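Fold and contact review
Listed below are the residues making up each chain.
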Amino acid sequence: MTTTSPHTPPLTTSTDHAADGAAWVRLLAWLTGIIAAVEVIFLGMIATVVPPIAAGIVLTIVGLVVVRRARRVGIAILGLTSLLLLLGFAPFAASHLGHPESAIDFTHAVIGTVGRLLAVIAAVGAWRKASPAGARRLAVAAIGIACLTVAISSIAMLVSTGDTAQADDVPTVIADSYFADTISVTSGDTLYVDNTDVFRHTFTVVDTTIDVELPASVGVRVPIELPAGVYDVICDIPGHEHMTATLEVE
Ligand SMILES: [Cu+2]
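Quick caveat: nothing in here was measured; it's all calculated off a predicted structure.

Attention now moves to the packing of aromatic side chains. One pass over the full model with this rule turns up two aromatic pairs. Look at Phe 42 and Phe 199: their rings are 6.1 Å apart centre to centre, the planes differ by 75°, and that puts the pair in the edge-to-face class. Of this pair, Phe 42 sits in helix α2 (residues 22-46) while Phe 199 is found in the loop between β3 (190-195) and β4 (201-205), placing the two residues 157 residues apart along the sequence. Here the two residues Phe 42 and Phe 199 agree in accessibility, since each one is buried. On the basis of an interplanar angle of 85° and a centroid distance of 6.0 Å, the ring pair of Phe 179 and Phe 203 is categorised as edge-to-face. Remark: Phe 203 occurs in strand β4 and Phe 179 occurs in the loop between β1 (170-174) and β2 (182-185); sequence separation between them is 24 residues. One cation-aromatic arrangement involves Arg 116 over Phe 89; the distance from NZ or CZ to the ring centre is 5.9 Å.

What follows covers the packing of helix α3 (residues 51-66) against helix α4 (residues 71-93). For any two helices packed against each other, the geometry comes down to the angle between their axes and how far apart the axes lie. Running from N to C, α3 and α4 point in directions that differ by 160°, and their axes come no closer than 8 Å. Taken together, the axes of α3 and α4 are roughly antiparallel relative to one another. Crossing geometry of α3 relative to α4 is assigned as left-handed. Mapping the contact onto sequence places Pro 52, Gly 56, Leu 59, Thr 60, Val 62, Gly 63, Leu 64 and Val 66 in α3 and Arg 71, Val 73, Gly 74, Ile 77, Leu 78, Thr 81 and Leu 85 in α4.

Only His 201 (ND1), Cys 235 (SG), His 240 (ND1) and Met 243 (SD) from the protein reach the copper ion as donors, at distances of 2.0 to 2.7 Å. Taken together, the four donor atoms coordinating the copper ion span angles of 83 to 134° at the metal, a pattern that classifies the geometry as irregular. Judged by its relative accessible area of 0%, Met 243 falls in the buried class.

So, on to a positive patch on the surface. Positive charge collects at one region of the surface, where Arg 26, Arg 71, Arg 72 and Lys 129 lie side by side. Its place among the elements puts Arg 72 in helix α4.

The next point concerns the side chain of Glu 39. With respect to the secondary-structure elements, Glu 39 resides in helix α2. A relative accessible area of 3% means that Glu 39 is categorised as buried. Contact partners of Glu 39, with chain neighbours within four places excluded, come to Ile 53, Ile 57, His 108 and Arg 116.

What follows covers a nonpolar patch on the surface. On the surface, a nonpolar cluster with roughly 260 Å² of combined accessible area is contributed by Ile 41, Met 45 and Val 198. Residue classification places Ile 41 among the exposed positions, given a relative accessible area of 56%.

Here we have three strands laid out as an open sheet, ordered β1-β3-β6, and mixed in their pairing. Looking at the sheet topology across the chains shown, the edges are occupied by β1 and β6 (219-223). Taking each pair of neighbouring strands and ignoring which way they run, the sheet shows an average axis angle of 25°. As paired elements, β3 and β6 share five bridges and run antiparallel to each other. Of the residues in β6, the one forming a bridge with Asp 194 is Gly 219.

Definitions and cut-offs
Residues numbered from 1 in each chain as written. Predicted model: local features only at pLDDT ≥ 70, side-chain atom pairs only at ≥ 80, totals over all residues. Heavy atoms only, no water. Phe/Tyr/Trp six-rings, centres within 6.5 Å; stacked < 30°, edge-to-face > 60°. Helix = DSSP H or I, 4+ residues; strand = E, 2+ residues; numbered from the N terminus. Buried < 20%, exposed > 50% of the residue type's maximum accessible area, 1.4 Å probe, protein only. Lys NZ or Arg CZ within 6 Å of the ring centre and 35° of its normal. Axes fitted to C-alpha atoms, helices over the stretch in contact; angles between N-to-C directions. Parallel < 35°, antiparallel > 145°, perpendicular 65-115°, else oblique. Left-handed = near helix turned anticlockwise from the far one by under 90°. Contact = heavy atoms within 4.5 Å. Donors = N, O, S within 2.8 Å, 3.2 Å for Na, K, Ca; no water. Tetrahedral: all angles 85-135°; square planar, octahedral: opposite > 155°, others 65-115°. Patch = residues over 30% accessible without salt bridge, like charges linked within 9 Å, V, L, I, M, F, W, Y side chains within 5 Å. Areas by Shrake-Rupley, 256 points an atom, 1.4 Å probe, with all protein chains shown as cover. Salt bridge = Lys/Arg side-chain N within 4 Å of Asp/Glu carboxyl O. Lys, Arg positive; Asp, Glu negative; His and termini not counted. Charge placed at Lys NZ, Arg CZ, Asp CG, Glu CD. Pairing = 2+ DSSP bridges.

Remember, this is a structural readout, not a statement about activity or role.
So, in structure tokens, the structure goes:
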């Protein structure tokens, strides 16, 4: 009597044979390279060296060089750098994500959070040598998010045109991320705060209800209905702690 041997299924599929992780490494290199380039441009715009961002740029360059010779070491450098900068940058980016009308801050925040999250996912895919189909899907998602970011910010900028100064307004200017040292008004006046920076700020009078968003490159009218006195003005955006002024109300 003859018996049929049980059928043994194949251990791998045809697509698994192509899963050497190369597609994920390429995606990781592109994502981290673009993010580093954006950070170089951002540091140039603010004309300040922010040590964690500068360190991230250097580590990314090192990772991109190393990944060509020692793939797993390079993946680890690029993945861990992306993860640490994502965690460190998130508190600063959070407030910008709700303000697409300030295009540079908004775009920088999206790239610094969503972009780095995608880079971390790419690093995990590269480390695990996952299927290249997943890398293609992530690349498509990254391009879609980039297009959506530009579209949302463009529409928001068209809608957010700020205020027009009126004849009796008291003017004050924000330039290079600084207020005027002292701003003097009479109670009942309206301040015209002209934000000449390409970055967003707030005009926040400490211990009062005046807390006004100042989108990039627009002016905003701020009625000052306060008792006579001297008040502290701040910009309450994380990282803008140097922005202070004195508001004198007669
Ligand atoms: Cu500010």
